[in-house]
Amino acid sequence: MALKLTQLASKPQLIRIELDDEEIRAKYNDSLEFYVYDRQPLDMFVKLATVGQNNLAELVSLANSMVLDEHGDPIAHDDLVFPSDIMMKIINKVVDTLGK
């Protein structure tokens, strides 16, 4: 008997992601942490899978909406933005984590 898809469906859970490379530690004297949901809506997943390096603005916008604090609230909002030196690291880490 086949596994029912309803058995695999669940509410998204926050997962902790840490940026912990030599460059980050040297500049910020510590690692940096943020959270994302382990499951994304299908439209978000498709956007992540299809956006290319040519459309960096769309990639940044996606990352801004996905990067959350420990309470599940967006970190980048209103006038708050991430430092440019870590933005690509955030994007790469999110894509790598969710792609597993």
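Source: prediction; values computed, not measured. (Residues numbered from 1 in each chain as written. Predicted model: local features only at pLDDT ≥ 70, side-chain atom pairs only at ≥ 80, totals over all residues. Heavy atoms only, no water.)

1. Some points on the nonpolar core
Reasoning step 1: Membership of the largest hydrophobic core comes to 20 residues, with the highest contact counts inside it found for F34, V67, F82, M87, I90 and V94.
Reasoning step 2: Top element by residues in this core is helix α4 (residues 84-98). It accounts for 5 residues.
Reasoning step 3: Setting aside chain neighbours within four positions, we find F34 in contact with I15, R16, I17, L19, V67, L68, I75, I90 and V94. (Core = buried A, V, L, I, M, F, W, Y, C linked by side-chain atoms within 4.5 Å. Buried < 20%, exposed > 50% of the residue type's maximum accessible area, 1.4 Å probe, protein only. Helix = DSSP H or I, 4+ residues; strand = E, 2+ residues; numbered from the N terminus. Contact = heavy atoms within 4.5 Å.)

2. Structural notes on unusual backbone geometry
Reasoning step 1: Even without glycine at this site, N29 takes up a positive phi of about 60°.
Reasoning step 2: Following the sequence through the fold, N29 ends up in the loop between α1 (22-28) and β2 (32-37).
Reasoning step 3: Residue class for N29 comes out exposed when judged on its relative accessible area of 67%.
Reasoning step 4: In the Ramachandran plot, D78 falls in the positive-phi region, its phi being about 50° despite a non-glycine side chain.
Reasoning step 5: Checked against the element boundaries, D78 lands in the loop between α3 (56-66) and α4.

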